[in-house]
Amino acid sequence: MSALQLDAEQLYLALLKGVKNLIASTPEPVYLAGITSGGAWLAERLQRDLGRDGDAGVISSSMHRDDFAQRGLALSAQTVLPFDVNGAHVILIDDVLYTGRTLRAVINELFDYGRPASVQLAVLVDRGGRELPIEARVCAATVVLAPTQTLELARDDQGRLSFVLENKKEA
């Protein structure tokens, strides 16, 4: 564990404001889709807090990951997009942006469902370390972590968000 202190609930309020502004500047139809699992939690809550009709989408990277041979199929939720992707403006929501590889896989998955008019990204935390040219339009916080550390969003039974920072275990 580390001394880094991130208040996920405070950062959520900044994300909420940023996504609200992003939606206001984007032509309709606009839909939210959260990346499993932390991003899906955020998208669900944003959908409710922004008073948007219907459910936010959930999108999984598992079928398009470039490390699929090593990881196999994840046990996380699979893709459910309760809207027509064709011609839609999709805002992808994620908890932690790191290398960009998960986002690349998610964009491939999204295009399996149709051709969106645009795809934008909003994240709770950008931890740097990008390996692909992917950038968030909305980012609540930027932190610098060692490559040996992981940062994950957690949610308790009441839906309250927090972060778990750990050192990766040696293989």
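Starting from 1, residues in each chain are numbered consecutively following that chain's sequence as written. For this predicted model, a pLDDT threshold of at least 70 governs which residues receive local features, and a threshold of 80 or more governs which side-chain atom pairs are given and counted, while totals over whole chains, interfaces and linings are taken from all residues. Values reported for side chains reflect all heavy atoms of the structure, with hydrogen atoms and water molecules removed beforehand.

J.: Looking at this model, I keep getting lost on the pairing of strand E4 (residues 118–126). Mind explaining?
T.: Remember that side chains alternate between the two faces of the sheet whenever the strand is regular. With a 1.4 Å probe rolled over the protein chains alone, any residue whose accessible area is under 20% of its type maximum counts as buried; one over 50% counts as exposed, and the rest are partly exposed. Here a helix means four or more residues in a row that DSSP labels H or I, a strand means two or more in a row labelled E, and each is numbered from the N terminus. The element E4 is extensively covered by neighbouring structure, given that seven of its nine residues are classed as buried. Pairs of strands are assigned from DSSP output, requiring at least two bridges between the strands. Bridging between strand E3 (residues 89–97) and E4 involves eight bridges; their strand directions are parallel. Note on E4: the bridge partner recorded for His89 is Ser118. When the strands point away from the viewer, a crossover counts as right-handed if the route from the first strand across the helix to the second turns clockwise. Taking the sense of rotation as the criterion, the β-α-β connection linking E3, helix H4 (residues 101–112) and E4 turns out right-handed. Note that E4 and strand E5 (residues 138–142) share four bridges and pair parallel. Note that in E5 the partner of Asp126 across the bridge is Thr142.

J.: Can you walk me through unusual backbone geometry in this structure?
T.: Generally, phi is negative for residues other than glycine and the peptide bonds are trans, each holding for most cases. Cis geometry marks the peptide bond from Glu28 to Pro29, where omega comes out at -5°. Looking at the secondary structure, you find Pro29 in the loop between helix H1 (8–24) and strand E1 (30–35). A cis geometry characterises the amide bond from Thr36 onward to Ser37, with omega recorded as -10°. Relative to the helices and strands, Ser37 resides in the loop between E1 and helix H2 (38–49).

J.: Would you take a moment to explain the nonpolar core for this structure?
T.: One recurring pattern in soluble globular proteins is that nonpolar side chains are buried together. Definition used in this section: a nonpolar core is a set of buried Ala, Val, Leu, Ile, Met, Phe, Trp, Tyr and Cys residues joined via side-chain atoms within 4.5 Å. Ranked by internal contacts, the top residues of the largest apolar core, which has 29 residues, are Ile93 and Phe163. Of all elements in the fold, only H1, E1, H2, E3, E4, E5, strand E6 (149–155) and strand E7 (161–167) reach the threshold of two or more residues within this core. Sorting elements by how many residues they give to this core places H1 first, with eight residues. Among the nonpolar cores identified, the runner-up in size contains 17 residues, and Ile35, Val106, Leu110 and Ile134 belong to it.

J.: Teacher, can you tell me more about the side chain of Ser61 here?
T.: Tracing the backbone shows Ser61 in the loop between strand E2 (57–59) and helix H3 (68–71). Throughout, a residue-residue contact means that at least one pair of heavy atoms, one from each residue, lies within 4.5 Å. Leaving out residues up to four positions away in the same chain, Ser61 has contacts with Thr102, Ala105 and Val106.

J.: What am I meant to see in the packing of aromatic side chains here?
T.: Think of a pair of aromatic rings as described by two things: how far the centres are apart, and how the planes are tilted against each other in angle. Two rings belonging to Phe, Tyr or Trp (six-membered ring only in the last case) form a pair when the distance between their centres is within 6.5 Å. Interplanar angles under 30 degrees mark stacking, angles over 60 mark edge-to-face geometry, and anything in between is tilted. Summed over all chains, the structure comprises one aromatic pair. Measuring from ring centre to ring centre gives 4.3 Å for Tyr31 and Phe83, while their planes differ by 0°; the resulting arrangement is stacked. Residue Tyr31 is found in strand E1, and its partner Phe83 is found in the loop between H3 and E3; the two are separated by 52 residues along the sequence. According to the relative accessible area criterion, Tyr31 is partly exposed, its value standing at 29%.

J.: Is there a simple way to explain the sheet that holds E3 in this structure?
T.: The strands that make up a sheet are held in pairs by hydrogen bonds between backbone atoms, and each pair lies either parallel or antiparallel. Here five strands make up an open sheet; going across it, the order is E2-E1-E3-E4-E5 and the pairing parallel. Only two strands of the sheet have a single neighbouring strand rather than two, namely E2 and E5. This sheet shows a mean twist of 25° between the axes of neighbouring strands, independent of strand direction. Simply put, an axis is a line fit to the C-alpha atoms, just over the touching stretch for a helix, and the angle between two N-to-C directions goes from 0 to 180 degrees. Those strands touched by H4 are E1, E2, E3 and E4, and its axis lies near 155° from that of E3.

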